[in-house]
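# A look at the structure
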Amino acid sequence: MTPSSPGPLPGILGIHHIGVSVPDLGKAREFYLCILGAVEEVEPLHWADNPFIDEIVGLQGSAAEQFFCRLGNVQIEVFEYSAPKQQPQDPRRGVNEYGYTHIALQVQDLAAVHARIVAAGLPVHAPPELATITTDADGSRHGYAGTYCRDFFGNVFEILEIHETPAIRPI
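Here the structure is a predicted model, which is why all the values come from computation and not from measurement.

## Let's talk about the nonpolar core
Ranked by size, the top nonpolar core spans 27 residues in total, and within it Tyr32, Ile76, Val78 and Phe157 carry the most contacts. Sorting elements by how many residues they give to this core places helix 1 (residues 25–35) first, with five residues. Setting aside residues up to four positions removed in sequence, tyrosine 32 forms contacts with Val20, Gly37, Ala38, Phe67, Cys69, Leu71, Ile76, Val78 and Asp151.

Quick look at the structure:
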């Protein structure tokens, strides 16, 4: 290892969860639990007037409700802050903007997940090009396909179906 790349930090096991702030926790539950099929695993949390949490999140006078849900191998922590007030998010914010631009969800059946998202009336940037996945005579599949979609609030997520291919590694 060179001084500019000291290697992995000791003890890092992986991503535990991703936090998403939303303006409507009920709609977020509908999206994550009903549409994507996530499972809520722990009791939701609510706080207000908690200096300890304020220090951790770097806000003063914060108040929020949240829930945790599991999507495959990752958990999503979803917040609705009632304080401090935030500016509305542009629902068409470009994925070229600085910061976290999207989360990618690997799925078993891209066509079925895409159909469910469309049926819920959620925006899809483009239909997935399923012809990029091929099936051999023995039934083994190769390639990958995916597309970007948005939740009710404009947050971008990607859905991917990945089979044996040198172009991308599955989870």
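## Considerations on the sheet that holds strand 10 (residues 156–162)
Overall, mixed pairing links the three strands, which are arranged 6-10-9 in an open sheet. Looking along the sheet, the strands with just one partner apiece sit at the ends: strand 6 (103–106) and strand 9 (144–150). Shown here is a sheet whose adjacent strand axes are inclined to one another by a mean of 25 degrees, direction ignored. For strand 9 and strand 10, the ladder comprises seven bridges, and the chain directions are antiparallel. Opposite threonine 147, over in strand 10, you have isoleucine 159 as the bridge partner. Strands strand 9 and strand 10 of the sheet are contacted by helix 3 (residues 110–119), whose axis makes an angle of about 155 degrees with strand 10.

## As for the side chain of asparagine 155
Residue position: asparagine 155 is located in the loop between strand 9 and strand 10. A distance of 3.3 Å separates the side chain of asparagine 155 from the side chain of glutamine 89, its partner in a polar contact. Excluding anything up to four places from it in sequence, asparagine 155 contacts Val20, Ser21, Val22, Gln89, Cys149 and Arg150.

## Focus: the packing of aromatic side chains
As enumerated under the stated definition, the model contains six aromatic pairs in all. Ring centres 5.8 Å apart and planes at 85 degrees place the aromatic pair tryptophan 47 and tyrosine 81 in the edge-to-face group. Placement of the pair is tryptophan 47 in strand 3 (residues 45–48) and tyrosine 81 in strand 5 (residues 74–83), with a sequence separation of 34 residues. Tyrosine 81 shares its class with tryptophan 47; the two are buried. Joined through ring pairs, the aromatic side chains of Phe31, Tyr32, Phe152 and Phe157 make up one cluster. In this structure, lysine 27 packs its charged tip against the face of phenylalanine 152, placed 3.9 Å from the ring centre.

Each value, and the rule that gives it
Residues numbered from 1 in each chain as written. Predicted model: local features only at pLDDT ≥ 70, side-chain atom pairs only at ≥ 80, totals over all residues. Heavy atoms only, no water. Core = buried A, V, L, I, M, F, W, Y, C linked by side-chain atoms within 4.5 Å. Buried < 20%, exposed > 50% of the residue type's maximum accessible area, 1.4 Å probe, protein only. Helix = DSSP H or I, 4+ residues; strand = E, 2+ residues; numbered from the N terminus. Contact = heavy atoms within 4.5 Å. Pairing = 2+ DSSP bridges. Axes fitted to C-alpha atoms, helices over the stretch in contact; angles between N-to-C directions. Polar contact = N/O pair within 3.5 Å; in protein donor to acceptor, adjacent residues only side chain to side chain. Phe/Tyr/Trp six-rings, centres within 6.5 Å; stacked < 30°, edge-to-face > 60°. Lys NZ or Arg CZ within 6 Å of the ring centre and 35° of its normal.

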